[in-house]
Amino acid sequence: TQLLEQSPQFLSIQEGENLTVYCNSSSVFSSLQWYRQEPGEGPVLLVTVVTGGEVKKLKRLTFQFGDARKDSSLHITAAQPGDTGLYLCAGANPNAGKSTFGDGTTLTVKP
Amino acid sequence: EAGVTQSPTHLIKTRGQQATLRCSPISGHTSVYWYQQALGLGLQFLLWYDEGEERNRGNFPPRFSGRQFPNYSSELNVNALELEDSALYLCASSLVLGQGLRPQHFGDGTRLSIL
């Protein structure tokens, strides 16, 4: 069974601070997605990383895929209250015919 | 482009009843996935349909079932409802399977409450 562990589970910070969220597994994934989910809504895709060592930037968000394609990180610079939400990582395994989701990191950014 | 749409938004049932949840994928997407998200927890994979066929299912009892129609829309049926079935049920769609699974696009879910 493939598992994705996200850490930390909860994170509460002040506006303007930086943070990093981690997504780790012992399994190799063909690609990995990061989503953000706000209360009452479905997850919204932020990014897909495919190549080991790949780094993608989305405004103040930086995503990195580990060299071995087993782990990933999400770094947010100068967090804003609008960044508040549940951040989910999901690893794709075509052989299993499904994506495996982590349990998420709940981020609260206080003004 | 319309996103993934799910109906109803909320559904209230009692123990032992049956529930039907519906999902319309993004136009052009042939794969539909169903997930259960209990309060405060991550997404648990339920079912995957592609081209009308069930391709994979998660570790859920047989009373969770579904189908995909020729227009790629999908239904999730839950029989003999139990209290622990109370959760947000999310549907996602993606393009046809290719070199690795495609990113999934989610609807806003159906909140199922069992009284």
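Residues numbered from 1 in each chain as written. Chains lettered and ligands numbered in written order. Predicted model: local features only at pLDDT ≥ 70, side-chain atom pairs only at ≥ 80, totals over all residues. Heavy atoms only, no water.

This paragraph deals with the overall build of chain A. When its secondary structure is counted, chain A shows 0 helices and 11 strands. Of the regular secondary structure in chain A, the N- to C-terminal order runs β-β-β-β-β-β-β-β-β-β-β. For chain A, the C-alpha radius of gyration of 13 Å lies close to 13 Å, the compact-globule estimate for 111 residues. By its C-alpha atoms, chain A is 45 × 30 × 20 Å across when sized along the principal axes. Burial status across chain A gives 46% buried among its 111 residues. (Helix = DSSP H or I, 4+ residues; strand = E, 2+ residues; numbered from the N terminus. Rg over C-alpha atoms; globule rule 2.2 N^0.38 Å. Buried < 20%, exposed > 50% of the residue type's maximum accessible area, 1.4 Å probe, protein only.)

Here we come to the interface of chain B and chain A. Contact residues are listed per partner, giving 19 residues for chain B and 23 residues for chain A. Linking chain B with chain A are 0 salt bridges, by the criterion used here. Elements with a minimum of two residues in the side of chain B that touches chain A: β4 (31-37), β5 (44-50), β9 (87-94) and β10 (105-106) of chain B. For the side of chain B that touches chain A, the element with the highest residue contribution is β5(B), accounting for 3 residues. Across the side of chain B that touches chain A, the residue classes tally to 10 nonpolar, 8 polar and 1 charged. (Contact = heavy atoms within 4.5 Å. Salt bridge = Lys/Arg side-chain N within 4 Å of Asp/Glu carboxyl O. Nonpolar A, V, L, I, M, F, W, Y, C, P; charged D, E, K, R; others polar.)

With that settled, the discussion passes to the sheet that holds strand β6 (residues 55-58) of chain A. Residues and elements named next belong to chain A. Ordered in space as β1-β3-β8-β7-β6, the 5 strands form an open sheet in which the pairing is antiparallel. Only two strands of the sheet have a single partner each, and these edge strands are β1 (5-7) and β6. Geometrically, the sheet is characterised by an average inter-axis angle of 15° between neighbouring strands, direction not taken into account. One ladder, built from 3 bridges, connects β1 with strand β3 (residues 19-24); its direction is antiparallel. Looking at the pairing, Ser-7 lines up with Tyr-22 of β3. (Pairing = 2+ DSSP bridges. Axes fitted to C-alpha atoms, helices over the stretch in contact; angles between N-to-C directions.)

Pairing between sheet strands relies on hydrogen bonds along the backbone, with the strands arranged either parallel or antiparallel. All names here are of chain B. Taken in spatial order, the 4 strands of this open sheet run β1-β3-β8-β7, and their pairing is antiparallel. Looking at the sheet topology across the chains shown, the edges are occupied by β1 (5-7) and β7 (64-68). Each adjacent strand pair in this sheet contributes to an overall mean axis angle of 15°, direction not counted. In this sheet, strand β3 (residues 19-24) lies alongside β1 in antiparallel orientation, the contact comprising 3 bridges. Of the residues in β3, the one forming a bridge with Thr-5 is Ser-24.

Turning our attention to the packing of aromatic side chains. Residues and elements named next belong to chain A. Evaluated as defined, the whole model comprises 9 aromatic pairs over all chains. Where Trp-34 meets Phe-63, the ring centres are 6.5 Å apart and the plane angle is 45°; that geometry is what we call tilted. In this pair, Trp-34 is assigned in strand β4 (residues 31-37) and Phe-63 in strand β7 (residues 61-65), connecting sequence segments 29 residues apart. Ring centres 5.7 Å apart and planes at 40° place the aromatic pair Tyr-35 and Phe-101 in the tilted group. (Phe/Tyr/Trp six-rings, centres within 6.5 Å; stacked < 30°, edge-to-face > 60°.)

With that out of the way, let us pick up the pairing of β9(B). Residue and element names in this part refer to chain B. Buried residues dominate β9, accounting for 8 of its 8 residues. Burial of β9 is two-sided: the residues Ala-87, Tyr-89, Cys-91 and Ser-93 facing one way and the residues Leu-88, Leu-90, Ala-92 and Ser-94 facing the other way are all buried. Note: β4 against β9, 7 bridges, orientation antiparallel. Note that in β9 the partner of Tyr-33 across the bridge is Ala-92. Note that β9 and strand β11 (residues 110-114) share 3 bridges and pair antiparallel. Following the sheet pairing, Tyr-89 is matched in β11 by Thr-110. Here β9 pairs with β10 via 2 bridges, running antiparallel. Paired with Ala-92 across the bridge in β10 is Phe-106.

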